[in-house]
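Per-entry structural report
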2 protein chains.
Amino acid sequence: MTDTLALIPAGIDTYRQPVIYMHEDCHICRAEGFAAQTRVRIDLRDQWVIATLNVVARGEWLAVDEAALSASAWSAIGAKRGDIARLSHPEPATSSSRLRAKAYGERLTEQDFASIIRDTLDHRLTDIDLAAFITACAGERLDDAETVALTRTMQAAGETLDWGGRTVLDKHCVGGLPGNRTTPLVVAIVAAAGQMIPKTSSRAITSPAGTADTMEVLAPVTLDERALRRVVEAEGGCVIWGGALNLSPADDHFIRIERPLDFDSTGQLVASVLSKKAAAGSTHVLVDMPVGATAKVRSAEDAEALMARFLYVGEAIGLRLALHLSDGSAPVGRGIGPALEAADVLAVLRRTAGAPKDLRERALDLAGKLLDLAPQGLCQAGRARAEALLDSGEAEAKFLSICAAQGGFTEPQLAPHRVEIPALSDGVISAIDNRVIARIAKLAGAPGQKVAGVRLGARPGDRVSRGQPLYEIHAATPGEAEWARGYAERHADVFAIAEEPE
Amino acid sequence: MTDTLALIPAGIDTYRQPVIYMHEDCHICRAEGFAAQTRVRIDLRDQWVIATLNVVARGEWLAVDEAALSASAWSAIGAKRGDIARLSHPEPATSSSRLRAKAYGERLTEQDFASIIRDTLDHRLTDIDLAAFITACAGERLDDAETVALTRTMQAAGETLDWGGRTVLDKHCVGGLPGNRTTPLVVAIVAAAGQMIPKTSSRAITSPAGTADTMEVLAPVTLDERALRRVVEAEGGCVIWGGALNLSPADDHFIRIERPLDFDSTGQLVASVLSKKAAAGSTHVLVDMPVGATAKVRSAEDAEALMARFLYVGEAIGLRLALHLSDGSAPVGRGIGPALEAADVLAVLRRTAGAPKDLRERALDLAGKLLDLAPQGLCQAGRARAEALLDSGEAEAKFLSICAAQGGFTEPQLAPHRVEIPALSDGVISAIDNRVIARIAKLAGAPGQKVAGVRLGARPGDRVSRGQPLYEIHAATPGEAEWARGYAERHADVFAIAEEPE
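These numbers come from a predicted model, not from an experiment. (Residues numbered from 1 in each chain as written. Chains lettered and ligands numbered in written order. Predicted model: local features only at pLDDT ≥ 70, side-chain atom pairs only at ≥ 80, totals over all residues. Heavy atoms only, no water.)

A look at the packing of helix α11 (residues 266-279) of chain B against helix α12 (residues 300-317) of chain B
Residues and elements named next belong to chain B. Our working rule: The convention used is that axes are lines fitted to C-alpha atoms, helices contributing only their stretch in contact, and that angles between N-to-C directions extend from 0 to 180 degrees. Where helices and strands are cited, they refer to DSSP runs of H or I of at least four residues and of E of at least two residues respectively, numbered from the N terminus. Should an angle lie under 35 degrees it is considered roughly parallel, over 145 roughly antiparallel, and from 65 to 115 roughly perpendicular; all remaining angles are considered oblique. By definition, any crossing whose near helix is turned counterclockwise from its far helix by less than a right angle is left-handed, and any crossing with a clockwise turn is right-handed. By definition in these notes, contact holds between two residues if any of their heavy atoms fall within 4.5 Å. Ten residue types, Ala, Val, Leu, Ile, Met, Phe, Trp, Tyr, Cys and Pro, are classed as nonpolar, four, Asp, Glu, Lys and Arg, as charged, and the remainder, Gly among them, as polar.
Relative orientation of the contacting elements α11 and α12 amounts to 40°, with a least axis distance of 10 Å. Here α11 is positioned oblique relative to α12, judged by the angle of their axes. Here the hand of the crossing between α11 and α12 comes out right-handed. Two secondary-structure elements touch here, α11 through Thr266, Gly267, Leu269, Val270, Val273, Leu274 and Ala278 and α12 through Ala305, Leu306, Arg309, Phe310, Val313, Gly314 and Ile317. Counted by class, the contact of α11 with α12 contains 10 nonpolar, 3 polar and 1 charged residues.

A closer look at the relation of the copies chain A and chain B
Rules: Least squares is used to superpose the copies, and the fit set is the C-alpha atoms of residues whose pLDDT is at least 70 in both copies.
Rotating chain A by 180° and moving it 0.0 Å along the rotation axis overlays it on chain B with an RMSD of 0.1 Å. Overall, the copies show the geometry of a two-fold rotation axis. A share of 100% of the interface residues of chain A reappears at the interface of chain B, consistent with the copies meeting face to face through the same patch.

Remarks on the pattern of salt bridges
So the rule is basically this: By convention in these notes, a salt bridge is any Lys or Arg side-chain nitrogen within 4 Å of a carboxyl oxygen on Asp or Glu. Exposed residues in this analysis have more than 50% of their type's maximum accessible area, buried residues have under 20%, and partly exposed residues fall in between, with area computed by a 1.4 Å probe over protein chains only.
Applying the stated criterion across every chain yields a total of 64 salt bridges over all chains. Note that Glu235(B) and Lys398(B) form a salt bridge whose closest N and O atoms lie 3.0 Å from each other. Residue Glu235(B) is found in helix α9 (residues 225-235), and its partner Lys398(B) is found in helix α16 (residues 394-406); the two are separated by 163 residues along the sequence. For Glu235(B), a relative accessible area of 17% puts it in the buried group. What emerges from the salt-bridge pattern is a single network uniting Arg360(A), Glu361(A), Asp365(A), Arg383(A), Glu387(A) and Asp391(A).

Some points on the packing of aromatic side chains
Defined as follows: Note on aromatic contacts: the rings of Phe and Tyr and the six-membered ring of Trp form a pair at centre separations within 6.5 Å, being stacked when their planes are under 30 degrees apart, edge-to-face when over 60 apart, and tilted otherwise. Our definition puts a charge over a ring when NZ of Lys or CZ of Arg is within 6 Å of the ring centre and also within 35 degrees of the ring normal.
Overall, the coordinates contain 9 aromatic pairs over all chains when judged by the stated rule. Between Trp61(A) and Trp61(B), the aromatic rings sit 4.9 Å apart at their centres with planes inclined by 5°, giving stacked as the arrangement. In this pair, Trp61(A) is assigned in the loop between β5 (47-56) and β6 (66-69) and Trp61(B) in the loop between β5 (47-56) and β6 (66-69), connecting two distinct chains. Here the aromatic cluster, defined as three or more aromatic residues joined through ring pairs, consists of Tyr21(A), Trp61(A), Tyr21(B) and Trp61(B). A cation over a ring is seen here: Arg203(A) above Trp241(A), with NZ or CZ 4.8 Å from the ring centre.

A few points about the UniProt feature "domain: Pyrimidine nucleoside phosphorylase C-terminal" (unreviewed entry) in chain A
Rules: UniProt positions are given in the numbering used here, feature names are shortened, and annotations may be inferred rather than shown by experiment.
Residues given the UniProt feature "domain: Pyrimidine nucleoside phosphorylase C-terminal" (unreviewed entry) here are residues 428-495 of chain A. As annotated, residues 428-495 of chain A has a helix share of 34% and a strand share of 28%, and its two end C-alpha atoms lie 10 Å apart.

Points about the pairing of strand β1 (residues 4-9) of chain A
All names here are of chain A. For clarity, the cut-off: Strand pairing is assigned whenever DSSP identifies at least 2 bridges connecting the two strands.
Most of β1 sits out of view: 5 of its 6 residues are buried. Here 3 bridges tie β1 to strand β7 (residues 84-88), and the two strands are oriented antiparallel to one another. Each residue of the ladder has a partner; that of Ala6, found in β7, is Ile84. Note that β1 and β6 share 4 bridges and pair parallel. In the strand pairing of β6, Leu7 is matched with Ala67.

Written as structure tokens, this is what we have:
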């Protein structure tokens with residue numbers, strides 16, 4: 001009797017949570033019992049991972065002397081088919097008692113948070129544990145000092161980029177609006193102004209596009225630290241995917257649980273943003289906060305509490321912060337989805353006739369404030385400087401240089417399948433539901449299909465007639481176009497159209 | 001393009017949470033995106049279930065036009081291989097906003113709880129949502145009125161047994177100790193006294209044996225309501241598995257998440273116990289509360305808060321309650337595991353020489369208090385009456401009649417493989433770790449293997465010499481015996497042995 005089994009890939013993507021599949025007649029499995037959330041430690045050579053056990057019935061695809069691993073468990077230990085792994089009981093997570101203490105309302109120390117984050121990164125904490133941790137911190141249950149401690153320990157758990165004491169600008173948007181792709185524009189303008197802005201961005205988690213997805217339409221974004229430094233030293237700025245850099249790595253785990261829960265925890269939101277910024281080596285950060293009924297921050301009151309916490313923690317960890325409130329009532333620009341948003345960005349940089357004005361204005365506001373915030377600050381003249389850099393074409397040139405340095409610029413493509421969705425009545429558009437329109441773009445294939453998404457044909461305030469196109473679904477395949485159209489037809493109220501008084 | 005796929009069984013036991021496995025190239029899967037916690041509604045004929053999506057890579061065991069279902073999803077819709085199911089987006093859980101409100105610290109109404117429980121039973125809430133709900137209620141975050149509302153809605157979500165206005169006695173033990181199998185004894189004594197005690201019990205979730213598992217060694221326990229009534233009308237009592245009766249069905253979902261989190265929520269604990277008792281039609285309930293460092297209730301203070309909440313809610317929903325504090329410092333009896341505990345129960349009923357005294361005393365205490373609590377109460381004379389019924393053999397006879405009525409009595413078997421674990425030093429046993437000893441019994445195969453578990457050879461207070469057996473591991477296979485022994489050897493401190501002063 002041994003505690004080893006031969007590994008095979010299950011080929012199942014359980015989205016980061018490692019899962020091990022064992023045959024119900026396997027001796028190890030029987031000894032473990034069939035309970036939910038049983039955890040198994042898998043050792044292979046000098047690698048190990050802790051996975052959740054799922055039991056496979058006899059007669060199915062798994063042999064009794066095999067264990068199958070989910071994609072994340074498979075890659076975590078670098079397994080090859082037939083490798084013999086050793087299975088054992090993981091020691092219980094040492095942070096469990098601290099997590100429980102927080103659930104009961106106790107205050108946690110920096111050491112407590114460090115232990116929770118270590119166990120999170122080691123997969124010792126399950127998704128259920130993480131949901132409990134996030135809920136235990138929900139609302140205002142983390143105080144100022146705890147938020148500082150959490151931010152510091154999240155940063156310390158990963159790499160920190162060192163820019164040799166220079167001023168490093170950065171921006172962040174809290175709870176993005178669909179289509180609000182200001183980042184490439186702000187980077188182009190600020191870098192054109194001679195400032196340093198090495199921007200690391202994320203891919204979409206539940207949205208139709210993250211900044212990294214959109215930027216990837218235009219240039220490569222998966223750069224390691226050396227390549228990042230090369231681009232930034234040459235151009236002053238970049239827009240790359242931060243995922244390859246191990247900056248505040250626990251954040252991805254928390255976000256994975258926070259998104260489906262749809263919780264706003266002031267402390268965790270601030271720690272998430274600022275730990276990543278500190279890890280990226282930023283010194284001066286502008287935080288954009290769109291406020292609106294279907295945005296993440298829903299009221300001016302919520303925004304105020306959040307701003308106060310941002311300023312407190314920024315000060316404590318030595319970041320210069322500025323906050324910017326913006327209108328979060330509707331999507332920004334025309335396009336929603338990687339290629340469609342990339343096209344909007346290019347139109348603004350190129351000053352073409354159809355370039356979305358709202359996106360341009362937002363980018364100028366942010367770039368201007370960021371230039372004002374820099375130590376060699378422009379004293380309120382940042383906005384004018386930003387406008388000059390954009391209108392002169394200097395921002396466009398800088399952006400193309402950055403793309404070239406990242407590996408080469410590519411023009412965005414148009415989707416081969418497009419379906420127009422018409423207005424069902426006459427009237428004036430009073431609102432667009434950010435969440436529903438994002439859903440439609442995702443059903444069309446965004447962000448996995450770069451060309452997929454939604455192109456808005458009308459905006460709040462526009463007068464429309466029955467039958468006039470409100471928006472166009474873009475898809476890579478006819479199937480996806482149809483799938484999105486079906487959903488769109490069942491959600492005709494995504495555009496609220498108010499009848500005009502006679 | 002349709003939204004249908006052919007169903008096959010995945011044969012994977014994901015322990016109640018329904019999971020659907022779809023091929024990564026499947027059009028529905030692509031439209032859904034690859035995010036964690038994506039939910040899919042599966043309609044087949046007039047049945048439906050909501051499942052979590054896992055994505056299977058090409059080249060693995062699933063075809064592109066198939067969807068595989070986990071065991072729970074498969075049985076929920078009564079699928080047969082090749083059935084064509086319709087897949088769609090479930091409407092979001094209506095209770096999500098109430099769950100979020102609770103996470104932020106708001107008080108919930110009976111209507112709010114009803115909505116959360118409905119969505120729990122429909123699998124609209126994920127395990128992550130349930131973990132958030134449980135954490136949001138953790139500690140003292142449910143007040144008296146909320147606990148009453150939760151209890152009522154949990155009861156109302158399932159069946160309620162109607163006993164025609166008669167007095168119905170019941171008992172419950174909060175957070176069982178290993179081996180503390182008093183229930184069959186209490187039922188035998190109380191039924192022998194002429195009282196009605198239709199006991200529904202649970203199977204083990206994380207422990208080596210539930211009352212239903214132990215009772216199943218001695219007699220069938222899976223009875224429907226009709227069979228239950230037949231047994232109780234004939235014998236006055238029964239000990240059956242409650243799982244077939246749909247009493248407070250949401251409780252199982254909550255427990256599945258609470259156990260791995262190891263949270264004590266006063267409100268949820270009370271609602272869990274009392275909703276099940278009310279649903280079983282009980283009128284007079286004795287709650288046993290073992291208090292000890294490694295028991296569920298760890299201090300007299302905790303016990304007091306819990307008692308107060310029990311009494312408040314009992315009164316509000318019309319249950320007569322009595323509470324009993326007992327010693328929770330160590331396992332009870334000799335055996336841990338279904339057959340070993342059944343043997344202890346029989347030894348007490350048969351008054352054999354080796355019958356565990358502590359189990360006998362506990363059963364008499366509880367039976368006595370329950371007889372005192374009944375309306376035709378015995379005014380403190382219950383204990384003496386219980387003792388008389390046990391010593392006269394009337395309780396034994398009653399128990400055998402109940403077993404016969406449930407389908408026939410069977411003598412417990414002895415495990416074929418047994419391993420003795422010796423003391424490593426001389427001294428006096430000062431404590432036994434309830435949690436570790438339970439783990440060893442589970443590794444030996446309990447409760448899946450009825451004969452498996454641990455038989456204690458010594459108890460706290462006993463003097464032992466180096467090499468003397470402390471306990472014996474019982475297993476159905478040599479492999480399981482070895483597996484448990486390996487763990488036992490790594491946890492020699494499960495028995496704390498204090499050196500005696502010279």
